[in-house]
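Chain residues, written in single-letter form:
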Amino acid sequence: MEAVLTHLRGAIERGEYAVGDKLPSEAELCRRLEVSRPVLREALRALQVMGLTVSRTGKGTFVLANAVEEPTFGDYAASDLIEVRRHVEIPVAGYAAVRRTPENLDHLAQLLERMEGETDTTAWVAMDTIFHIAIAEASQNPVFRKVIEEIRDALARQSAFLNELGGRREQSNREHRAIVEALFDGSERDAVEAMSHHLDRVETTLTSIVHPGRTDTPTKGGPEA
């Protein structure tokens, strides 16, 4: 799928398919690229998330832009989502470290174990959002949980995007384990650092997908989280 995506993205960015052009049919692309329809459809979905194409029911897929600017996940732009996550989830992890209950820790430990053993991406993504909601629950502040639930769909879309294109699942599992271990230790500092590192990696991977070759570190402008 990544190879198909790279090929189609390159063709659009080089102008082989101009803005407004209709891409060849799925059947034709499958024939040309020698891939199955499910693989092609995954690549086409990724192009849409990147903002390069738009799918029109009954008409096909059309080129919307010739360069990737910023993907959106549900109703939210990627940069807006990561900014909010930094200012909410980092302090929430700190609160959770000092306020978590034995029930919170048991739930997180079981969830982490299931995620580390899960091989299906769709199931893993669903548990990923539950994991972040569980951290908010452990903070014992219902407002934090409400905020995370509000962006739950966007988190799931972002998680699926990063896992499909950035191979993030195993790395995320390690980062999640570091967060949970900090909560078990009751260390506010370690929990904050672990969540901050997790979000740094999310942003870095997203940047590598949207802007291949860019090596700058995540931006942390504005007030500190």
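Placed above this text is the structure.
Residues numbered from 1 in each chain as written. Predicted model: local features only at pLDDT ≥ 70, side-chain atom pairs only at ≥ 80, totals over all residues. Heavy atoms only, no water.

J.: Tell me about the overall build of the chain, residues and numbers included.
T.: Per the secondary structure count, the chain includes ten helices and four strands. Its helices and strands in sequence order give the chain the pattern α-α-α-β-β-β-β-α-α-α-α-α-α-α, from N to C terminus. Compactness check: the chain gives a C-alpha radius of gyration of 19 Å against a globular reference of 17 Å for 225 residues, within 12% of the reference. In terms of overall dimensions, the chain has C-alpha extents of about 55 × 35 × 30 Å along its principal axes. Carbon together with sulfur atoms contributes 48% to the accessible area of the chain, which is approximately 11,700 Å² in total. For the chain, the separation between the mean place of its 27 positive charges and that of its 37 negative charges on side chains is 5 Å. (Helix = DSSP H or I, 4+ residues; strand = E, 2+ residues; numbered from the N terminus. Rg over C-alpha atoms; globule rule 2.2 N^0.38 Å. Areas by Shrake-Rupley, 256 points an atom, 1.4 Å probe, with all protein chains shown as cover. Lys, Arg positive; Asp, Glu negative; His and termini not counted. Charge placed at Lys NZ, Arg CZ, Asp CG, Glu CD.)

J.: I'd like to hear about the pairing of strand S2 (residues 60–63), residue by residue, with values.
T.: For a regular strand, side-chain orientation follows a simple rule: the groups alternate between the two sheet faces. Where strand S1 (residues 53–56) and S2 come together, four bridges link them in antiparallel fashion. When the sheet's bridge partners are listed, Arg 56 is paired in S2 with Gly 60. A loop of three residues connects S1 with S2, the two strands running antiparallel in sequence, and Gly 58 in this loop sits at a positive phi of about 80°. (Pairing = 2+ DSSP bridges.)

J.: If you had to explain the pattern of salt bridges to someone new, which residues and values would you point to?
T.: For the structure shown, the criterion picks out 15 salt bridges. For Arg 14, the salt bridge identified is with Glu 16, shortest N-O distance 2.9 Å. Salt-bridge contacts for Arg 168 lead to Glu 175; the nearest nitrogen and oxygen are separated by 2.7 Å. Given the relative accessible area of 2%, Arg 168 is considered buried. Shared partners join several salt bridges into a network, and the residues in it are Glu 26, Arg 37 and Arg 41. (Salt bridge = Lys/Arg side-chain N within 4 Å of Asp/Glu carboxyl O. Buried < 20%, exposed > 50% of the residue type's maximum accessible area, 1.4 Å probe, protein only.)

J.: Could you give an account of helix H9 (residues 169–185), naming the residues involved and the relevant values?
T.: Counting along an α-helix, one turn takes 3.6 residues, and residues three or four places apart therefore face a common direction. Between its first and last C-alpha, H9 extends 24 Å over 17 residues, near the 24 Å set by a 1.5 Å rise per residue. For H9, the full list of buried residues reads Ser 172, Asn 173, Glu 175, His 176, Ile 179, Val 180, Ala 182 and Leu 183. Residues of H9 that are buried in the fold lie against helix H4 (78–99), helix H5 (102–117), helix H6 (121–138) and helix H10 (188–210). A positive phi of about 70° marks Gly 186, the residue just after H9. (Expected span 1.5 Å × (residues − 1). Contact = heavy atoms within 4.5 Å.)

Functional significance is not addressed by these values, which are geometric in nature.
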